[in-house]
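Architecture at a glance
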Amino acid sequence: MSKEFAKIITANRLQDGAVVFLTSEGAWAESTQAAAVARTPDDETRLLTLAAASVKACRVVDPNAIDVSALNTREPARLRERIRQVGPTVRPDLARAI
Amino acid sequence: MPVFDASGLVDDHWIVLGDADPLPAGAPVLLTWERIARDGEAAFAGRDPRGVAISSDFDVAKLLPLLPRIGLVVVKPANFKDGRVFSVGRLLRQRYGFNGDLRIQGEFIPDQVPFLVRCGYSSFEAAPGFDLDAALRLLKVFAFNYQTGLADKNIFALRHNQPAAGRA
Amino acid sequence: MYQYDAYDQAMVDTRVAEFRDQVARRLSGALSEEHFRPLRLLNGLYLQLHAYMLRVAIPYGTLTSRQMRTLADIAEKYDRGYGHFTTRQNIQYNWIKLEQAPDILADLAAVQMHAIQTSGNVIRNVTADHFAGVAKDEVEDPRIAAEIIRQWSTFHPEFSFLPRKFKIAVTADTKDRAAVKFHDIGIAIVKDAKGAPAYDVYVGGGMGRTPFVAPLIKSKLPKTELLSYLDATLRVYNRYGRRDNIYKARIKILVDALGPEEFARQVEDEWQLTRQEHINLPPEEEARIRAFFAPPAYTTEAADLAANMPGTNDPAFRAWLSTNTHAHKAAGYSIVTISLKPIGGIPGDASTAEMNRVADLADTYSLGEIRVTHEQNLILPHVRRSQLHALWTELKTAGLAVANAGLVTDIIACPGLDYCALANARSIPIAQRISERFADLDRQHSVGELKIKISGCINACGHHHAGHIGILGVDRKGEEFYQILLGGSGAEDASIGTILGPGFSADGVVDAVETIVNTYVDLRQPGEPFLAAVRRVGNGPFKERLYARV
């Protein structure tokens, strides 16, 4: 894992709890494909501000910046976040597209 | 901050006194427990009603000798999850027979108001932005309750006065 | 079993309406997440890794076939076709939408069920011995007390914002199947000096990061005084339990800090007052509730009473009989355990089809009644002995006849990092790998009773402290790591397991468990169960084999 700064913002959608990722336009996508990648701490702060507005607007809850691989920003660094992204490892039949 | 009771907003005529403020004549005053403890009888000079403000962790047994001369107890929770206020209410009403105004002041949410009423609270002083309509609506939701020993309609008693037919 | 009257029904119906209003206020923004969170938790609704999770109460583990079909329908209609039976006689659904949660509660209310107080800092779903009412040696049916407690604790105005969650369990047998000494309050129904039922009250047990076996706080409490004593205990806790540190907020910390004697004295002082405050249940109400738990009409046909029953020449059936059936209080009947631990399966999970199948079998073979165990299995409590073979045959077809109840593959596991927002490591895959390792049924039976319990974090939902072999998943620098504990028990001889030594990787822990089992088999005396052997020899011989330098 590279130590280069790379983070994306994830949350759960308020209505259905689905795992979602913040896009650069401030929308929320179910896949990491469209996720905005913060390459600097300033980027991260800006994206978290966008996310906070979504919390206020009752669209998502619990936004978080998570580390992703700098080379493949669709790959979260921590196992917990990889499981959130894909689904329970014990139910591959329910796996989500990343 | 606005004060309401089970029927809606009420006029609050209590004057809040700081611990150094002189006692005015002709007005009901709300004192801190610390001032009452400090001043003793002097805190009750004159004939005006006295109120006392306590925190939720206060040992309410200390109020027992004073209760006949107290018209208002204000209880302040540390935050909205501070469930000690409910025990304070039940002790004051049920055990010590307090029949003045029992008020919660500060952090609580509309959905707690029915529980507060059931534990003996009679007035409410909420923070700005409090959803008063929701609180008043929620007060009418449950018609009866399971817990014994409270002043509300108890299911265990109702069952044996008027048998109820089952559903489903 | 208990049937709602119009009051009970009105309470759950009203609750559905109240929650619908709360959800609407949340979605509109009138309620913030901070304020909504405790309210949704009071209705069993969590936000987990993938979605909302709904925990539905199965009070004291008793279900009708009709209720089980509703649980199956909910899995199909609102979730992904399965549910997870937990270690506290609840069922959890993992893929719930907030906007649909009120509809689910309405479906539950239609069959006299609810999700009330299955989470949050309140008195939780009250649990009981899953053999209640049918256990041979019980003093009386513990579900009577449990139902009284369920009603008393429902929307209790004083105790709905406690320092922390509060769990109560009831048992009435000398064999404790409800783990009462690991509860905030454990009630053991015993006989008083005159032979009448009374309550031994244990307070301050628990697992989590500070495990305690509960001390006995009140011996032989008269039955009529139950609610005033509970009120007194809860009031002492509500007033004096710590609220400054979530990890020190459970009643066990208060009991430990004061010492059991001083805690008992404070409760006693409070109780001398509450007992005069009209809190105890009116006797006619106790009688009304008791009547619902009268034994069903059992048959006494000769075929059931005969010692020889059909099918016993089949060794597979005999193996299942030996582990998955228990003596019933009525002659000619057996209690049947349906294992939800197929080899390599997910402990406690059941599909819609399986739940419906169990409901059908309950109708055919068990007077329409089902139990849920804290060990994440199901029970058919009233099976005629003459029909055991027919039932087993049908269970086998459904893949539900695994003869492993109480054996090494009957593993308790919390959902772990696969589902849970609090977990540090996965639990389920470890259970699956251990189960596969010991798949051979003859080997399992020759090892004998062995309870493995796995938690994916220190909160210990998988009861690892109480496992004969306990496994605790931790996060070590981003890697899943597993500590092993030995010698715990959640039964009447309750004890807390002790950590064996350095932890293992996910692969290593499966090998380690096998080494422990092999060590036991080598050193056991004739007929000596695993736990007895560990207590006799201590951790030493196991440590030596596990950590021996090659």
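Please read these numbers as outputs of a predicted model, since none were measured by experiment.

Scoring rules and cut-offs
- The numbers attached to residues start from 1 for each chain and follow its sequence in the written order.
- Throughout, the order in which chains and ligands are written sets their labels, letters from A for the former and numbers from 1 for the latter.
- Only residues with pLDDT of 70 or above have their local features reported here, since the model is predicted, and side-chain atom pairs are shown and tallied only from 80 upward, although totals for entire chains, interfaces and linings are computed over all residues.
- For every residue pair, C-beta atoms are placed from the backbone, and the pair is scored as a contact if these atoms sit within 7 Å.
- Secondary structure is summarised from DSSP: a helix means a run of H or I of at least four residues, a strand means a run of E of at least two, and numbering begins at the N terminus for each.
- In this classification, the charged set is Asp, Glu, Lys and Arg, the nonpolar set is Ala, Val, Leu, Ile, Met, Phe, Trp, Tyr, Cys and Pro, and all remaining amino acids, among them Gly, are polar.
- Note on pairing: DSSP must find at least two bridges between two strands before they are called paired.
- The axes used here are C-alpha line fits, helices contributing only the stretch in contact, and every angle between their N-to-C directions lies in the interval 0 to 180 degrees.
- For the domain bounds, the source is a domain assignment made automatically or taken from a database.
- The nonpolar core criterion groups buried Ala, Val, Leu, Ile, Met, Phe, Trp, Tyr and Cys residues into a set whenever they are joined through C-beta atoms within 7 Å.
- Partly exposed residues are those whose C-beta has more than 12 but fewer than 20 other C-beta atoms within 10 Å; with 20 or more the residue is buried, with 12 or fewer it is exposed, and the C-beta atoms are placed from the backbone.

A short note on the interface of chain B and chain C
- In this complex, chain B contributes 35 residues to the contact, which on the side of chain C involves 42 residues.
- Of all elements in the fold, only helix H2 (84-95), helix H3 (113-118) and helix H5 (155-161) of chain B reach the threshold of two or more residues within the side of chain B that touches chain C.
- With six residues, the single largest contributor to the side of chain B that touches chain C is H2(B).
- Each residue belonging to the side of chain B that touches chain C can be placed in one class, and the counts come to 16 nonpolar, nine polar and 10 charged.

Structural notes on the arrangement of the chains
- Of all two pairs of chains sharing an interface, the pair with the highest contact count is chains B and C.
- With no contact formed, the shortest span from any C-alpha in chain A to any C-alpha in chain B equals 15 Å.

Here's the deal with the sheet that holds strand S2 (residues 52-57) of chain C
All names here are of chain C.
- Within the open sheet, the five strands sit side by side as S1-S2-S5-S4-S13. Their pairing is antiparallel. Each edge of the open sheet is held by one strand with a lone partner, namely strand S1 (45-47) and strand S13 (349-351). Going across the sheet, the axis of each strand differs from the next one's by a mean of 30°, ignoring polarity.
- Looking at chain direction, strand S4 (residues 82-85) and S13 are connected through three bridges and run antiparallel. Paired with Gly 83 across the bridge in S13 is Ala 350.

Examining the sheet that holds strand S7 (residues 101-106) of chain B
Residues and elements named next belong to chain B.
- The strand order across the open sheet formed by eight strands is S2-S1-S8-S7-S6-S5-S4-S3, and the pairing between neighbours is mixed. The open sheet has two edge strands, strand S2 (8-10) and strand S3 (15-16), and neither has a second partner.
- Bridge analysis of strand S5 (residues 50-55) against strand S6 (residues 70-76) gives six bridges, and the strand direction is parallel. Within S6, the residue paired with Ser 55 across the bridge is Lys 76.

Brief notes about the domain arrangement of chain C
All names here are of chain C.
- For chain C, the assigned domains are domain 1 (6-109), domain 2 (134-290), domain 3 (302-397) and domain 4 (412-547).
- Between domain 3 and domain 4, the C-alpha centre-to-centre distance is 27 Å.
- Taken together, the contacts link eight residues of domain 3 with 10 residues of domain 4.
- Per-class residue counts for the side of domain 3 that touches domain 4 are four nonpolar, two polar and two charged.

A word on the nonpolar core
- Counting residues in hydrophobic clusters, the biggest one holds 233 residues, and the most contacted among them are Tyr52(C) and Leu54(C).
- Of the residues forming this core, the biggest block, eight residues, is contributed by helix H6 (residues 226-240) of chain C.
- Each residue touching Tyr52(C), except ones within four places of it in the same chain, is listed here: Gly17(A), Leu45(C), Tyr46(C), Leu47(C), Ile96(C), Lys97(C), Leu98(C) and Ala101(C).

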